[in-house]
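Coordinates in review
These are the residues of each chain, in order.
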Amino acid sequence: MNFALELLDDASGRVAVIWLALIVLAAVALGALALPAGVRRPRQIMTWLAESAAQRRADRERRAVQAHETIRYADEIAVAAQGSAATAERRREECQQAQAEVERVWTAWQAADARLERARRAAAYATPQSPPSPREGTERAQALRRTAQAAYRRGDLSDTQLLDALTHRNGWDPALHPVEQELALARAVAAHRFTAYQNALEAEEAAWRAADVATAAVRTLRHEAAIARAQADVVRETTPVTRRTERATVTVRIPRQANPPAPTPQEVRRELPSWAQPTAGRPQIAAIR
C-alpha cells in the first residue's frame, strides 16, 4: 500500500513537470507567432526590439517638441492679444482727438461764415468808384498786407492764400476799396475754414475705420488665444514637459471669456464710450457761398 502511494506521488510530480514544460513551450510559440513577419532568429529579435525602442524614443521626443510648440504658440498669441488691446485703446483715443478737432474746425467755420455775412451786408452799400490816389493806393496795399499776415497768424489763411495776397494774385487787388478788400478777405477765410472742416471730417472717418479694424482684431486674437490656451492646458496635463522648457516659456494669461462672434461696425460703436461715438448728423456744407 505504501509502495503504491509513493509511486503515485512520483507520477504526479512528473506530470506537473510535463505540464509546466508544455506551458512554457506554448508561451514561446505564442511569442514567436506575435513577432513581425520574417523575425524568427534571436539576432533578428534583438534588432527588432532595438528598433522598436528607438521608435518609441523618437515618438516621445516628437510629442515633446509638439507640446513645447503648442505652449509657445499659446504664450505668443496671448501677448499678441494684449498688444492688440493696447492698440485698440490708442485708436479710440485718436477717435476722440479727431472728433474734438472736427468740433473745433466746425466752430471756426461757423465764425468765418458769420464774418462773411457781415462783410456782404457792408459791401451791399455803394462804394466810391473813383480811382484812389497814389498815396491812398500805397496805404491800401499796406493795409492788405497787414490784414493778410494777421489772418495767416490766426490760422485763417493757408500758405498759398497768403502768398496770393502778398503778390496781389487770384482776386487780391490792393486798389479795391477797404470794404471790398474786407469782403475778399472774408471769402478767403471762409474757404480756408471750410477746407479744414472737410479735411477734419475725412480724418475722423479714417480714425473710425482704424478703430473698427483694431477692435475686430482684438476679438479675433482673444478668440484664438482662448483656443490656444485650452490646447496648451491639455498638453501640459497629458504630455511630460521638461522643467527647463517650462522655465523658458513665459506664460501670459488673459481672462477667460466666451468665444464672441465677429463684430459689426455698429456693435463696435455701441460698446465704445460716449465721447467716442461718431459725429453723425453734423451738416455737410456743399460749397462756399
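Provided above is the structure to which this section pertains.
Heads up: these notes are all about the structure in this document.

Rules and cut-offs
- Residues numbered from 1 in each chain as written.
- Predicted model: local features only at pLDDT ≥ 70, side-chain atom pairs only at ≥ 80, totals over all residues.
- Heavy atoms only, no water.
- Helix = DSSP H or I, 4+ residues; strand = E, 2+ residues; numbered from the N terminus.
- Polar contact = N/O pair within 3.5 Å; in protein donor to acceptor, adjacent residues only side chain to side chain.
- Buried < 20%, exposed > 50% of the residue type's maximum accessible area, 1.4 Å probe, protein only.
- Axes fitted to C-alpha atoms, helices over the stretch in contact; angles between N-to-C directions.
- Parallel < 35°, antiparallel > 145°, perpendicular 65-115°, else oblique.
- Contact = heavy atoms within 4.5 Å.
- Nonpolar A, V, L, I, M, F, W, Y, C, P; charged D, E, K, R; others polar.

Overview of the environment of Thr107
Within the fold, Thr107 resides in helix α2 (residues 42-123). A C-alpha to C-alpha distance of 9.3 Å links Thr107 and Tyr197, two positions 90 residues apart in sequence. At 2.9 Å, the side chain of Thr107 and the backbone oxygen of Glu103 are in polar contact.

Here we look at unusual backbone geometry
Unusually for a residue other than glycine, His168 sits at a positive phi of about 60°. With relative accessibility at 38%, the residue His168 sits in the partly exposed group. Of note in this structure, Asn170 is not a glycine but carries a positive phi near 55°. Considering the arrangement of structural elements, one finds Asn170 in the loop between α4 (159-167) and α5 (178-238). A residue is classified by how much of its surface remains accessible, and Asn170, at 64% relative accessible area, is exposed.

Concerning the environment of Leu201
For Leu201, the position within the fold is in helix α5. We classify Leu201 as buried; its relative accessible area is 14%. In this structure the C-alpha to C-alpha distance between Leu201 and Trp106, which are 95 residues apart in sequence, comes to 9.6 Å.

Considering the packing of helix α3 (residues 134-154) against α4
Where α3 meets α4, the axes come as close as 9 Å, and the angle between the chain directions of the two elements is 170°. As judged from the angle between their axes, α3 and α4 are roughly antiparallel. Residue-level inspection shows Leu144, Arg145, Ala148, Gln149 and Tyr152 of α3 in contact with α4, the latter providing Asp159, Leu162, Ala165 and Leu166. For the contact of α3 with α4, a count of residues per class yields six nonpolar, one polar and two charged.

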